[in-house]
Every structure is written in C-alpha cells, then in structure tokens.
Amino acid sequence: MATKRRKSKAASVKKKQSPLKVSKKNKIIFGSFLIVLSIALFFSFISFYFTWQEDQSLLAEFSDRNAETDNLLNKFGAAISHFFMFKGFGLASFAFPVLLAVTGLYWFLGLKGTRLLGKWIWGLLGIVWVSIALGFLFYEQPLLGGQIGFEMNDFLQDYMGKIGVFLLLLFTLVVIMVRLFNFSPEGIGNYFKGVNFPKPKPKPRVKAEILDSEKGSIELSLETGEEEIKIDTYTHKKDIPPLNPESGLDVNLPKMEDEEIDLKVEKIAEEKLETDVKAAKLVKDFGEFDPKLELGNYKFPPIQLLEEHGASRGITINQEELEENKNRIVSTLKNYKIGIAQIKATIGPTVTLYEIVPEAGIRISRIKNLEDDIALSLAALGIRIIAPIPGKGTIGIEVPNKNATVVSMRSVIASSKFQKAEMQLPVAFGKTISNETFVVDLAKMPHLLMAGATGQGKSVGLNAVITSLLYKKHPAEIKFVLVDPKKVELTLYNKIERHFLAKLPDSEEAIITDNTKVINTLNSLCIEMDHRYELLKLAMVRNIKEYNVKFKSRKLNPNDGHKFLPYIVLVIDEFADLIMTAGKEVEAPIARLAQLARAIGIHLIIATQRPSVNVITGIIKANFPARIAFRVTSKIDSRTILDTQGADQLIGRGDMLFTQGNDVTRLQCAFVDTPEVAKITEYIGSQRAYPDAHLLPEYVGEDSGTGIDYEISERDSMFREAAEVIVNAQQGSASLIQRKLKLGYNRAGRIIDQLEAAGIVGPFEGSKARQVLIPDILALEQLLQNETQNRN
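Note that this is a predicted model, so its numbers are computed, not measured. (Residues numbered from 1 in each chain as written. Predicted model: local features only at pLDDT ≥ 70, side-chain atom pairs only at ≥ 80, totals over all residues. Heavy atoms only, no water.)

Let us now look at the overall build of the protein. From N to C terminus, the protein includes 26 helices and 18 strands. Burial analysis of the protein (792 residues in total) assigns 43% to the buried set. Counting contacts in the protein only where the partners sit at least 6 residues apart, residues at least 24 apart contribute 64% of the total. Of the roughly 44900 Å² of accessible surface on the protein, 54% is carried by carbon and sulfur atoms. (Helix = DSSP H or I, 4+ residues; strand = E, 2+ residues; numbered from the N terminus. Buried < 20%, exposed > 50% of the residue type's maximum accessible area, 1.4 Å probe, protein only. Contact = heavy atoms within 4.5 Å. Areas by Shrake-Rupley, 256 points an atom, 1.4 Å probe, with all protein chains shown as cover.)

We now examine the pairing of strand E4 (residues 340-347). Taken residue by residue, a regular strand's side chains alternate between the two faces of the sheet. Bridge analysis of E4 against strand E5 (residues 351-358) gives seven bridges, and the strand direction is antiparallel. Each residue of the ladder has a partner; that of isoleucine 347, found in E5, is threonine 352. (Pairing = 2+ DSSP bridges.)

Under the defined criterion, the tally for this structure stands at 26 salt bridges. Residue arginine 739 is joined to glutamate 534 by a salt bridge in which the shortest nitrogen-to-oxygen separation is 3.3 Å. Remark: glutamate 534 occurs in helix H16 (residues 515-539) and arginine 739 occurs in helix H24 (residues 734-741); sequence separation between them is 205 residues. On the accessibility criterion, arginine 739 (28% relative accessible area) is partly exposed. Its salt-bridge partner being glutamate 756, residue arginine 770 comes within 2.8 Å of it at the nearest N-O pair. Within this pair, whereas arginine 770 is found in the loop between helix H25 (745-757) and helix H26 (777-791), its partner glutamate 756 is found in helix H25, the two being separated by 14 residues in sequence. Through salt bridges with shared partners, one network takes in Arg384, Glu398, Asp655 and Arg666. (Salt bridge = Lys/Arg side-chain N within 4 Å of Asp/Glu carboxyl O.)

The next subject is the packing of H16 against helix H19 (residues 584-596). The contact between H16 and H19 brings their axes to 9 Å, and the two run at 25°. On the basis of their axis angle, the class for H16 and H19 is roughly parallel. Here the hand of the crossing between H16 and H19 comes out left-handed. Along the contact surface, H16 presents Ile519, Leu522, Asn523, Leu525, Cys526, Met529, Asp530 and Tyr533, while H19 presents Glu585, Val586, Pro589, Ile590, Arg592, Leu593 and Leu596. (Axes fitted to C-alpha atoms, helices over the stretch in contact; angles between N-to-C directions. Parallel < 35°, antiparallel > 145°, perpendicular 65-115°, else oblique. Left-handed = near helix turned anticlockwise from the far one by under 90°.)

A few words on helix H3 (residues 74-86). One full turn of an α-helix is made of 3.6 residues, so residues set three or four places apart face in the same direction. Over its 13 residues, H3 runs 17 Å from end to end, which matches the ideal 18 Å to within 8%, given 1.5 Å per residue. Residues of H3 that are buried include every one of Lys75, Gly77, Ala78, Ser81, His82, Phe84 and Met85, and no others. (Expected span 1.5 Å × (residues − 1).)

Relative to the assigned elements, asparagine 548 resides in helix H17 (residues 544-552). Using a relative accessible area of 9% as the deciding quantity, one classes asparagine 548 as buried. For asparagine 548, the residues in contact, after removing those within four places along its chain, are Phe564 and Leu565.

What follows concerns the packing of H24 against H25. Closest axis-to-axis distance for the H24/H25 pair is 8 Å, and the angle between their directions is 120°. Relative to H25, H24 is oriented oblique. H25 is crossed by H24, and the crossing has right-handed handedness. Contact residues: Ala734, Ile737 and Gln738 in H24; Tyr745, Ala748, Gly749, Ile751, Ile752 and Leu755 in H25. In terms of residue class, the contact of H24 with H25 is made up of seven nonpolar, two polar and no charged. (Nonpolar A, V, L, I, M, F, W, Y, C, P; charged D, E, K, R; others polar.)

Turning to the nonpolar core, a few remarks are in order. Core analysis: the largest hydrophobic core is formed by 110 residues, its most contacted members being Phe429, Phe480 and Phe575. Broken down by element, this core gets its largest block of residues, nine residues, from H16. In terms of nonpolar packing, the next biggest core, distinct from the first, is built from 25 residues, Tyr699, Phe719, Ala734 and Leu755 among them. (Core = buried A, V, L, I, M, F, W, Y, C linked by side-chain atoms within 4.5 Å.)

Taken in spatial order, the four strands line up as E4-E5-E7-E6 in an open sheet, and their pairing is antiparallel. Only two strands of the sheet have a single partner each, and these edge strands are E4 and strand E6 (384-386). Sheet twist, expressed as the mean angle between neighbouring strand axes with direction ignored, is 20°. The pairing of E5 with strand E7 (residues 395-400) spans six bridges and is antiparallel. Residue pairing in the sheet places threonine 352 in a bridge with valine 399 of E7. The strands that helix H9 (residues 319-335) touches are E4, E5 and E7; relative to E5, the one it contacts most, it runs at about 40°.

Turning our attention to the sheet that holds strand E15 (residues 626-629). On the basis of which strands lie adjacent, the open sheet formed by nine strands has the order E9-E8-E17-E16-E15-E10-E14-E13-E11 and mixed pairing. In this open sheet, the two strands that pair with only one neighbour each are strand E9 (437-441) and strand E11 (478-483). When the angles between neighbouring strand axes are averaged without regard to direction, this sheet yields 30°. Note that strand E8 (residues 426-432) and strand E17 (residues 664-669) share three bridges and pair antiparallel. Directly across from threonine 432, in E17, lies its bridge partner leucine 667. Across the sheet, H16 touches E11, strand E13 (567-572) and strand E14 (602-608), and the angle it forms with E13 is around 155°. Along the sheet, helix H21 (residues 635-642) makes contact with strand E10 (448-451), E15 and strand E16 (655-659), crossing E15 at roughly 155°.

The next thing to look at is the confidence of the model for the protein. Segments scoring low in pLDDT should not have their predicted coordinates read at a detailed level. Looking at the protein, pLDDT values average 79 and 78% of them are 70 or higher. Every residue in residues 1-5 is under pLDDT 50, and counting partners more than four places away or in other chains gives zero contacts. Confidence drops under a pLDDT of 50 for residues 252-272, and excluding neighbours within four residues, the segment shows 14 contacts in the predicted structure. (pLDDT = per-residue confidence, 0-100.)

Before going further, it helps to spend a moment on unusual backbone geometry. With omega at -5°, the peptide bond leading from methionine 445 into proline 446 counts as cis. Mapped onto the elements, proline 446 comes out in the loop between E9 and E10. You will see that lysine 337, though not glycine, has its phi angle at about 60°, which is positive. For lysine 337, a relative accessible area of 73% gives the class exposed. The backbone phi angle of arginine 653 is positive, close to 55°, even though this residue is not glycine. Relative to the elements of secondary structure, arginine 653 occurs in the loop between H21 and E16.

Attention shifts here to the packing of aromatic side chains. Think of a pair of aromatic rings as described by two things: how far the centres are apart, and how the planes are tilted against each other in angle. This model, assessed by the stated rule, comprises 15 aromatic pairs. On the basis of an interplanar angle of 65° and a centroid distance of 5.3 Å, the ring pair of phenylalanine 438 and phenylalanine 658 is categorised as edge-to-face. Within this pair, whereas phenylalanine 438 is found in strand E9, its partner phenylalanine 658 is found in strand E16, the two being separated by 220 residues in sequence. A relative accessible area of 15% means that phenylalanine 438 is categorised as buried. With centroids separated by 6.4 Å and ring planes inclined at 55°, the aromatic side chains of phenylalanine 480 and phenylalanine 500 adopt a geometry described as tilted. Linking phenylalanine 480 in strand E11 with phenylalanine 500 in helix H15 (residues 497-500), this pair joins segments that are 20 residues apart in sequence. The pair formed by phenylalanine 480 and phenylalanine 500 is uniform in burial state, with each residue classed as buried. (Phe/Tyr/Trp six-rings, centres within 6.5 Å; stacked < 30°, edge-to-face > 60°.)

Bringing the environment of isoleucine 590 into the picture now. With respect to the helices, strands and loops of the structure, isoleucine 590 is situated in helix H19. Taking the C-alpha atoms as reference points, isoleucine 590 and leucine 522, separated by 68 residues in sequence, lie 7.0 Å from one another. Apart from residues lying up to four places away in sequence, isoleucine 590 is in contact with Leu522, Ile572, Phe575, Leu604 and Ile606.

If you want it as structure tokens, here you go:
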C-alpha cells in the first residue's frame, strides 16, 4: 500500500510540473546563443560573396583539419553560407540573421513572444518572394537569388511564362504591402492631397483704402499676392463733399487738381563690377597679360640634345627565352600540383610579365608562396608575383629579360603622350611593362618621395623629372629650388640659374649645399607660402591656377601687390643627410610645406638612399602619397617606402615601383646621362635670361634675429609711413606694409627689419605677426624725435 501511495504521489507531482516553463537564466542563455549565431551567419554570408569560388572546391574536405578556407568563419562559415546562399535563397538569406537576432532579443529580454510567430511567417514569405524576384530579374546570375529562387522561377516560367511570373510576383507584393503596411488606394490619394503643388502667382494690383471720408484721405498699397506694400497716403486739402466709406471707391470722387499719383515700378539691372569693366577694357586694348613676354624669344631645348641609346632598336623578342621561361614556370607549378589553364606573356623593356590563369580550385596563396622556387627554377633575380593583378582575373609573374632594353629620355619626351599631355606639371618617368610611356602630373601628386639603395637610379630619376619640366615649361612658369648636400649631383643646373632657379636674396649660389642655408631656404618657402595664401585670399580664389587666370585677365591690380605666380619645385637630393645634421629644424618646415603648399603651387621632391623610419617619418609619409622605390636591400625598407614589399625584388639600374596611394606600378626609369643634361643646360643658359635668379623672401634665423643695427641714414624712404601703418593697425607684418604702401615683398621685409632695429616691432615669431611695441602715434612721434635729437 505504501508503494502505491508513493507512486501516486510521484505521478501527481509529475503532472503538476508537466507544463514547459523555461527559467530566466535559460532564456538569457538561449537568447545570447541566437544573437551570437545571427552575427556569425551575417559575417559568413558577407564573406561568402568574396570567397565562394575559392572555398567551393574545399567543401568536400570538411572533415580534413588541414584544409583551410578563406571564409571569415573558416569551414563552418563556408559550409553554412554555401547551404543558405548557394543552395538556398541567395541574398534573401540575409533575413535569417535578422530573424534570429530578433528572436534572440525576445528571449534575452524576456519579452512575450505572441507576435514572434507572425514575424517568422511573414519573414519566410518575404524571403521566398525576394529569392524568386531576384531569380526572375537576374536570370543570368543565379547566385543572387540562390538555387531555390532560380529553380522556382524556372519552374513557374515553364507553366506561366515570364508575364505570368511577373503578375504573380506583383500580386504577392500587393498582399504583403496590404497586410503588413496597411497599403490602400485612399492612403495614396491622401498622400498626394497633402503635397503642396505650386500655385500660379496672382497679378499685382493697386489697392486703395479710405482712411477719412471727411478729409478725403486715401491710402494706396500694392498687392503682389504674397505681401502688401504701402505706397503712399494722399489727402485732398480742398473742400469736397464727404465720401461714403461703405460705398467703396465707386462714388464720384472730386477731381484733384494739379495733383497726380504716379506709380513707378523700377527694375534694378545687374551691373558689372567696376574692376571687371576695367579689366575687360584693358584686355581689349592690350590683350591678356603674358608672363612669357619678358623672355618672348625663349626657345625650348630641341629633342636632338638627347641621345637615343637603345631606343632605336626597339624591344627585341626572343622567342626561345619566352618559351623556356613559360615551360619552367609551368613545370615548377606542376611539381606542386598547381595546374595552369592559360598563360600569356607581355614583353617590356627590362621585364616580361607572364599572366597565368590557374585551374579551378587553386588557392592564390599557394602560388604566392612559391616566389623563391620559381626564381630558383628560372635562375633569375627580381622575380615578383602579383596575385592577383588588379582589375584582371589573372596572376602575374614578372621575370627580368636576359637582354634588357635601355629606355632613353628621348623616346619618352618625343612620345605623343608627353607632347599632348594637358597637365600643369607633366613628368615622364619612363615606360611600363607593356612598353607604354608613363606620364603623371606633379601638380596632382602633389609631392613626391623617392628612395632606393646607392647606385640604383635615384639621381637619374631626379634628372628625368627636371628634364621633363624643362622641356615643357617656360622660365616664367616654373622655378626650382635645388638642395644638394652631396655637392656634385645637381651642379650642372648652375648654368640655368637666371632662367629657372630660385634662391635667397643674400645667397651667392642658387644650388644650396650648406645645411644652414637649407634651413633658411625652407623657412623662406614657408614665408612665400603664407604670402601667396594672402594673395589668394585677396583675389578670392582657391588655388594658383585660378589666381593666374584671373591675373592674366587683368582683374588683379599689380599696385595692390598682385603678380603672376610661377610654380616652385623644391628638389632635395639626399634627405637623410639633412635629417642627421639638422633634424627637427628641417622636418618641421617640410611637414608644413607638404601639408599646405599644394594649392599655391609649391611642390616637393625628396630623395634618400636610406629609407629608414627615422629618416622617412610618419609625418612625412602622411603628406607624400606619391612615392617611387628603386631597388632596396630589405623588405623592411620596401615597406617603409611603399607600405608593401616588392622593392627588394627589383633588379636595379632604373627598375622602380611607383604608387600614388592606390596600385603599385612597375616602371623602367628613363635614362638621361650627365652629358645630355649638360647639353640641355648649356642650350638654355646661352639664351637671354632674367637679370637675376628668382628671389625668395628674406628669412633671418633665431640665432641672429633681425637685430641688425641700421643707421638712420640707411633707412628706407618709406620708413616713417610704414611705422605709422604698423602702429595704427597694431599688427607687425610685411604683407600689411606691402598692401597699404604698395611695395614689393622684399622691400617690405627690409622695412620690418628696420622697424625692429628701431624698437617699434618685436622679433620674428614664425607664422605669427610681430608684436607692436609702440601703443599709439604720439608715442611713435616721441620715439622718432628722441632718435633725431640723439643723432644731433
């Protein structure tokens, strides 16, 4: 009996606990699981559209632990995304992570799931509809709608045709819109009723209102439909019979003698600015300003000054070499069980590019890892694998030619691509692997960093840049600031000092070799940059191109300090030496120029043979998106220059990689020899030149200050007027004196130095205006009188 009682008691307890009740902890755990699963599905689905071709062949090897897929969630992600995206519903499968995430949030937050079933029903219906719709719209791309969408669309079209499937999809869409979004014709009508369509404006009319019937006072106003404009109040002073306000204006008003009311509506015509009118007249009388007029007879150097080198022979195709390299590449890859479906060769001056299409299922990384093995089998240096080639579905293997062809500077200068280049500062670097001339615009780079080991072609590359600009630009359009710490690389350009070079006013030689003068020159360029920005601000333009166009059109007055602005290109041949000796004193102005000088036409070209991180710092790299790497000795140096490896695999002798912030292009630098540069500079130097080199603004370093003791008799004739301008404005800047007194920048700078020596302004403070030490004009008069008395 006791046993029966226990059994009946246990049964009653079991009956009480039979309803399924999930604890709060389990809800949180299950909800978290669903949310994490939805995130995993989402990322695996996204990754599927980038890696499905590589991963599809490995799905059969799911149980193999050594097999690796490219999906973000590895084999799990590849398998689950293949099931949902490929075999399932395609893009519509992205709704599954959303539904799972919503369900997980319901469980995690402990919400009631009464409406959850409805969300799943409509969600699944929407998934099926989107899958079929994608299969219908993109029949040639079954991956978008998945296998289900493709097959269901194909099945329906067999029985209903395309029009029938379209109508079925449209009907289903209407059902979804009505049930889920309360779609109705009335809603559409109400929507369009709420839209305010523009109404026609009423014609303006004159309105008259009686203010005082006894005095005959009338107020006239103009109604335009949008507002009422009061015109005037008219009162007739003669005795007249009283007017009846209730009768409006239809009563017989007395004739108002000798008084008339005229309503005049004047149209204000747009007038040209006075400066534009004057500019148009000047252009009509004298034509546009021509900056080349002073050297109007200047002749560009002829192409015959450059040697042909090996360009006349062209690229020789060695069929045996091509076939031999092709067979070795195929056999090497075959040894590692990598089949090739197709191979093609593109012959360049120094390198041949073999483009291969691997068989289906071959992972790109396997070929990339065989770089050294391919180099060993070909017995060649400089093997470089591009996997994949950007913009193509192939893998590139660059193999150096046994007999390289020299790319002459003459061939690239004579090319139509360079001659017809519509660029501000065109530079012809050389030729690509496909033997095309490579021309870029220095103005758009806007600065260039060049690095490579000793003897790999940096100096030739600098000469190629300068030669390109000499063949394309007039001396009035461009000036070079050349810095040569090695003192031997750029000395050939001394002959064109008065044509193309810029220097400091107190400098004897235009080519800078002393590090102290380099610092002064860089700071002088910063002053020039600030001055140019001031001119752009006054001219209300954004860049040097717009400014020069406006100046040529005679819309800017030279008496206000405006002038034609040539491009300035700063070339530094060995930057590492400057960093070692000057450090931050050089890096700071270069970083400032690199950040700001693009718009006002100052561009930097920096070359170094030691591309270490303490030379090419992060600040410099950030502002030099255009970079050239010649051959370097290590992968670290390559990454320092290009942010990628490859420069360590070049073959030297002008073989280089160029990047402008996106793809890396392999080039053969054009070769220009020293005698050729000498001929060009002699030809230019023999022609009529400017009286002196282009003078940069004066800069005096902090060590010497500007505390030069100027004798009162040596002061500028405009010294007193300049002092009054500075004291009145309480701003000590050369540009202020230049604008107010219409002086040149160099003269204004000398006056500022004299004002500092006289104790009127403070010392130089970089880009800030100098402090004015004299509070008002009375104090200035007292100071100048005391100076005169002391002198007497």
